[in-house]
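Residues per chain, in single letters:
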Amino acid sequence: FGVILAGLTLALAVAAVLAVSRAEEPRIAPGMAQSSLAYKAGLRPGDLVVEADGVPIKSVRDMQALEAQVPSGAVIKVVVERAGERLSFMLPTP
């Protein structure tokens, strides 16, 4: 996967960490900053976001639609696939 777009947001907390494959999978970018909220919450480069705030995520568009509904200051549950395993993280939003 190459980084095609890196400004997608999930209530701004994942703003600069998503990479989009040609299939528009919401995947965490290799260049994710260790100081980012997402990294501090446990997300890692290569993670595939499959659920956020109880909503299934299948594409970048799903994340964009959810972003408009998540208020600033909320803490949301993000589920990712990493190495064939599903992991859950609580992600604060700015």
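1. Topic: the nonpolar core
- Counting 17 residues, the largest nonpolar core has L43, V49, I57, V78, V80 and L91 as the members making the most contacts within it.
- Residue assignment for this core shows that the elements contributing at least two residues are helix 1 (37-41), strand 3 (48-52), helix 2 (60-67), strand 5 (75-82) and strand 6 (85-92).

2. Some details on the side chain of R27
- With respect to the helices and strands, the residue R27 is situated in strand 2 (residues 26-28).
- A relative accessible area of 18% means that R27 is categorised as buried.
- At a separation of 2.8 Å, a polar atom in the side chain of R27 contacts the main-chain carbonyl oxygen of G46.

3. Points about helix 2
- Listed in full, the buried residues belonging to helix 2 are V60, M63 and L66. For helix 2, the angular spread of buried residues about the axis comes to 125°, placing them on one side.
- Capping of helix 2 at its N-terminal end is provided by S59; its side-chain oxygen lies 3.3 Å from the backbone amide nitrogen of R61.

4. Considering the pattern of salt bridges
- Tallying each qualifying case throughout the model produces two salt bridges.
- A salt bridge links D47 to R82, with the nearest nitrogen and oxygen atoms 2.7 Å apart. Separated by 35 residues along the polypeptide, D47 in the loop between helix 1 and strand 3 and R82 in strand 5 bring together distant segments of the chain.
- Among the residues examined, R82 registers a relative accessible area of 26% and is labelled partly exposed.
- Among the salt bridges present, the one from E81 reaches R86, with a minimum N-O distance of 3.2 Å.
- Residue R86 is classed as exposed on the basis of its relative accessible area of 54%.

5. Re the environment of L66
- Within the secondary structure layout, L66 lies in helix 2.
- On a C-alpha basis, the gap between L66 and A52 in space is 8.0 Å, while along the polypeptide they are 14 residues apart.

6. With respect to the pairing of strand 3
- Counting buried residues in strand 3 gives four out of five residues, a clear majority hidden from the surface.
- Of the strand pairs in this sheet, strand 3 and strand 5 are connected by four bridges, and their pairing is antiparallel. Pairing of L48 across the sheet is with E81, part of strand 5.
- Sheet analysis places strand 3 next to strand 4 (residues 55-56), joined by two bridges and oriented antiparallel.

7. What about the confidence of the model for the chain?
- Confidence in the prediction for the chain averages 74 pLDDT; 76% of positions are at 70 or higher.
- Within the chain, strand 6 carries the highest mean pLDDT (93), whereas strand 1 (residues 18-20) carries the lowest (43).
- Every residue in residues 1-22 scores below 50 in pLDDT, and together they form 68 contacts with partners more than four places removed in sequence or on other chains.

The rules behind these values
- Residues numbered from 1 in each chain as written.
- Predicted model: local features only at pLDDT ≥ 70, side-chain atom pairs only at ≥ 80, totals over all residues.
- Heavy atoms only, no water.
- Core = buried A, V, L, I, M, F, W, Y, C linked by side-chain atoms within 4.5 Å.
- Buried < 20%, exposed > 50% of the residue type's maximum accessible area, 1.4 Å probe, protein only.
- Helix = DSSP H or I, 4+ residues; strand = E, 2+ residues; numbered from the N terminus.
- Polar contact = N/O pair within 3.5 Å; in protein donor to acceptor, adjacent residues only side chain to side chain.
- Arc of directions from axis to C-beta.
- Salt bridge = Lys/Arg side-chain N within 4 Å of Asp/Glu carboxyl O.
- Pairing = 2+ DSSP bridges.
- pLDDT = per-residue confidence, 0-100.
- Contact = heavy atoms within 4.5 Å.

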